[in-house]
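Chain by chain, the residues:
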Amino acid sequence: MRQTNVRQGMLRQTMLRHTMMRYTMTAGLAATIGVAGSAAYFSPWFWRRYRMNRIRREVAKNRILALTYDDGPSDGLTPQILDLLQQQNARGTFFMLGRSAQRHPQIADRVVEEGHDIGCHSDQHLNAWKALPWEAVADIDAGYKRLSPWIQPDAMFRPPYGKMTLPTYLSIRRRGAPVWWWTIDSGDTRDVLPSPSQVAERLRKDGGGIVLMHDLDRTQQRNDFVLELTAALLDVAKQESFKVMTLRGICQ
Ligand SMILES: [Zn+2]
């Protein structure tokens, strides 16, 4: 009787151990898939770091300044930037939103006529890390479609907020469109604006750069900042003999 009890006790213990092991394995597997899945989903982040480090070296080696403007065109700031670039005989790159270009088609026309480059920045500016994957992909496609009077289906792309996921990366790869981030953030979206000369000095120190600015209409202070910064960057480029070019001109 006592022996049977002992045997039953041991059996119960073994079963308990097996159940525990199964739970541990399942949880471990789920965690691994979760971590691996997330790593794959957000993997373009690593690609971004690799790619922009390479580009950073490239622009410094060739002493290049690329002026880039996102989220436009607008009917206030964009024409003023175009006037300034025309005076300085410089070309810039405009990553437009489909919805903004549709609102101000004559300004998008002017950008093309004056020899600047246009890239796609999606239609509604969805953040790929926050939107559902298919919504973010659809927003990119909608951007290319609305910008089609000005750009080709494989025109360069800059992701809204700089964020890409595996699905948005694959959709851009399918198009064969080059993706561009930046090497210097102008800080024009920060609560407290830096001084234009601070950003211009960073350009001098880096020996060149791709500068991120925005040409949507915001406060007068922010619009003025973008204009002053553009002028300050062009001054540094002149002093340092940097080549001012659009992104299309930079080797991939
Ligand atoms: Zn943007």
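What you see is a predicted model, and the numbers here were worked out from it, not measured in a lab.

**Q** Quick one: what's the story with helix H9 (residues 220-240), residue by residue and with numbers?
**A** The first and last C-alpha atoms of H9 sit 30 Å apart over 21 residues, in line with the 30 Å expected at 1.5 Å per residue. Within H9 the residues assigned to the buried category are Asn 223, Phe 225, Val 226, Leu 229, Thr 230, Leu 233, Leu 234, Val 236 and Ala 237. Mapping the buried residues of H9 onto a view down its axis gives an arc of 160 degrees, with all of them on the same face. More than 90 degrees from the buried face of H9, the exposed residues found are Gln 220, Gln 221 and Gln 239. The positive-phi residue at the C-terminal boundary of H9 is Ser 241, with phi of around 55 degrees.

**Q** Now, about the domain arrangement of the chain: what can you tell me, with residues and values included?
**A** On domain assignment, one finds that the chain holds domain 1 (1-41) and domain 2 (46-249). Taken over C-alpha atoms, the centre of domain 1 sits 53 Å from the centre of domain 2.

**Q** How would you explain the nonpolar core if you had to name every residue and give the values?
**A** A general tendency of soluble globular proteins is for nonpolar side chains to be buried together. Membership of the largest hydrophobic core comes to 56 residues, with the highest contact counts inside it found for Leu 65, Met 96, Leu 203, Val 211 and Leu 233. Sorting elements by how many residues they give to this core places H9 first, with 7 residues. Ignoring any residue separated from it by four or fewer positions in sequence, one finds Leu 65 in contact with Leu 203, Gly 208, Gly 209, Leu 233, Ala 237, Phe 242 and Val 244.

**Q** Please set out the pairing of strand E5 (residues 209-214) residue by residue, giving values where relevant.
**A** With 6 of 6 residues buried, E5 lies mostly within the body of the structure. Side chains Gly 209, Val 211 and Met 213 of E5 all project onto a buried face; the interleaved residues Ile 210, Leu 212 and His 214 project onto the opposite face, where all are buried too. Relative to E5, strand E4 (residues 184-185) runs parallel, the two being bridged by 2 bridges. Bridge pairing in E5 places Ile 184 opposite Val 211. This β-α-β element, E4 to helix H8 (residues 196-206) to E5, shows right-handed connectivity.

**Q** Summarise H8; cite the residues concerned and give the values.
**A** Residues three or four positions apart in an α-helix share a direction because the helix packs 3.6 residues into each turn. Buried within H8 we find Pro 196, Val 199, Ala 200 and Leu 203. Looking straight down H8, one finds that the buried residues subtend no more than 100 degrees of arc, so they occupy a single side. On its buried face, H8 sits against strand E1 (64-70), E4, E5 and H9. Just past H8, the residue Gly 207 takes up positive phi, approximately 75 degrees.

**Q** Outline the packing of H8 against H9, listing residues and values.
**A** Running from amino to carboxyl end, H8 crosses H9 at an angle of 30 degrees, the nearest separation of the two axes being 9 Å. For the pair H8 and H9, the sense of crossing is right-handed. Between H8 and H9, the residues in contact are Pro 196, Ser 197, Val 199, Ala 200, Leu 203 and Arg 204 and Phe 225, Glu 228, Leu 229, Ala 232, Leu 233, Asp 235, Val 236 and Glu 240, respectively. Of the residues that constitute the contact of H8 with H9, the class distribution is 9 nonpolar, 1 polar and 4 charged.

**Q** Lay out the pairing of E1 with the relevant residues and their values.
**A** Of all 7 residues in E1, 7 are buried; the element is thus mostly enclosed. Burial along E1 is two-sided: Ile 64, Ala 66, Thr 68 and Asp 70 facing one way and Leu 65, Leu 67 and Tyr 69 facing the other are all buried. Relative to E5, E1 runs parallel, the two being bridged by 6 bridges. Considered in E5, the bridge of Asp 70 is made with His 214. Bridge analysis of E1 against strand E2 (residues 93-96) gives 3 bridges, and the strand direction is parallel. Following the sheet pairing, Thr 68 is matched in E2 by Thr 93. Note on the crossover from E1 through helix H3 (residues 77-87) to E2: the handedness is right-handed.

Rules and cut-offs
Residues numbered from 1 in each chain as written. Predicted model: local features only at pLDDT ≥ 70, side-chain atom pairs only at ≥ 80, totals over all residues. Helix = DSSP H or I, 4+ residues; strand = E, 2+ residues; numbered from the N terminus. Expected span 1.5 Å × (residues − 1). Buried ≥ 20, exposed ≤ 12 C-beta atoms within 10 Å, placed from the backbone. Arc of directions from axis to C-beta. Domains from an automatic or database assignment. Core = buried A, V, L, I, M, F, W, Y, C linked by C-beta atoms within 7 Å. Contact = placed C-beta atoms within 7 Å. Pairing = 2+ DSSP bridges. Right-handed = clockwise from strand over helix to strand, strands pointing away. Axes fitted to C-alpha atoms, helices over the stretch in contact; angles between N-to-C directions. Left-handed = near helix turned anticlockwise from the far one by under 90°. Nonpolar A, V, L, I, M, F, W, Y, C, P; charged D, E, K, R; others polar.

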